[in-house]
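Geometric and topological summary
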Amino acid sequence: MDAIEALLTRRSYARGNLIEPAPTNEELGLILQSAMSAPDHGKLKPWRFIVIRGEGIKHLSQIVYKRYQNSDMTPEQLEAFVKEIANTPVMIFACSQVKTNYRIPIIEQHLSGAAACEHILLAAHALGFAGIWHSLEADKDLQNLLNMSPEDIVLGVLSLGTPKRTAPAKRKPFEDYTFEWDAIQGLREWGS
């Protein structure tokens, strides 16, 4: 698959739609290596990826169950959520480890990590896998479990696997979100 095709056809799949086979060690290595080419002002590589699979996923699902037991989820919702996690082939916690008091603004460091996450999803898609990016706030227990510093944040959890069902990506036209500006006409709709 070429780069443009990967960009135009990548889509997110619900975590419950991801099944085995998962990427092999070699494929996962390629996927993670792709993150290293993300834009990175200052060449800081202000991210860390924590790969969880196999028994680690089962253990994580138990931790999630305990963490959300007293949330506003119904017991059925919690069970479905935990089952979804337990059946996910691979999860990658993308952690932003910024350098504070540094010449590169913190927002740029977080955005660099976000670009690295997108590279991971694109590389997985190019290799025939599917994925989704979930948000997650790390509480102190999760930060300790993942050996994170208090200023670190979880940029997201990337779940990867093979899609049970595939469907084409539905996209809105770029023209609806793109404008052009010049000194004579000012801001105007794309193509007008």
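Residues numbered from 1 in each chain as written. Predicted model: local features only at pLDDT ≥ 70, side-chain atom pairs only at ≥ 80, totals over all residues. Heavy atoms only, no water.

Quick notes on the side chain of His-110
Note the cut-off: Helix and strand labels come from DSSP, where a helix needs a run of H or I of at least four residues and a strand needs a run of E of at least two; each type is numbered from the N terminus. The definition of a polar contact used here is a pair of N or O atoms within 3.5 Å, where within protein one atom must be able to donate a hydrogen and the other to accept one, and adjacent residues in sequence count solely through side-chain atom pairs. Throughout, a contact is declared for two residues whenever any of their heavy atoms are within 4.5 Å.
Secondary-structure assignment places His-110 in helix α5 (residues 106–126). Side-chain polar atoms of His-110 contact the side chain of Ser-96, separated by 2.7 Å. In contact with His-110, other than residues within four places in its own chain, are Ser-96, Val-98, Ile-153 and Leu-155.

Describing α5
Heads up, the rule is: Working rule for helices: expected span equals 1.5 Å times residues minus one. Exposure categories follow from relative accessible area, calculated using a 1.4 Å probe and restricted to protein chains: below 20% of the type maximum is buried, above 50% is exposed, and the middle band is partly exposed.
Over its 21 residues, α5 runs 30 Å from end to end, which matches the ideal 30 Å to within 8%, given 1.5 Å per residue. What α5 keeps buried is the set Gln-109, His-110, Ser-112, Gly-113, Ala-116, Cys-117, Ile-120, Leu-121, Leu-122, Ala-123, Ala-124 and His-125. Taken together, the buried residues of α5 touch α1 (3–9), α2 (25–35), β2 (47–53), β3 (90–96), β4 (130–134) and β5 (153–163). Positive backbone phi, approximately 95°, marks Gly-128, located one or two places after α5.

Notes on the nonpolar core
Our working definition: Buried Ala, Val, Leu, Ile, Met, Phe, Trp, Tyr and Cys residues that are joined via side-chain atoms within 4.5 Å together make up what is termed a nonpolar core.
In terms of nonpolar packing, the biggest core is built from 19 residues, with Ile-31, Val-90, Ile-92, Ile-120, Leu-158 and Leu-160 touching the most fellow members. Of all the elements in the fold, those that place two or more residues in this core are α2, β3, α5 and β5. For Ile-92, the contacting residues outside a window of four places in its chain are Leu-28, Leu-32, Phe-49, Ile-50, Val-51, Ile-120, Gly-156, Val-157, Leu-158 and Leu-160. Counting residues in each nonpolar core, the second largest holds 16 residues, with Ile-57, Ile-85, Leu-146 and Val-154 among its members.

Digging into the confidence of the model for the chain
The cut-off we apply is this: Every residue carries a pLDDT, the predictor's confidence in it, which falls somewhere between 0 and 100.
Model confidence for the chain is summarised by a mean pLDDT of 91, while 100% of its residues fall at 70 or above. Between the elements of the chain, mean pLDDT differs from a low of 81, seen in helix α6 (residues 140–145), to a high of 98, seen in α2.

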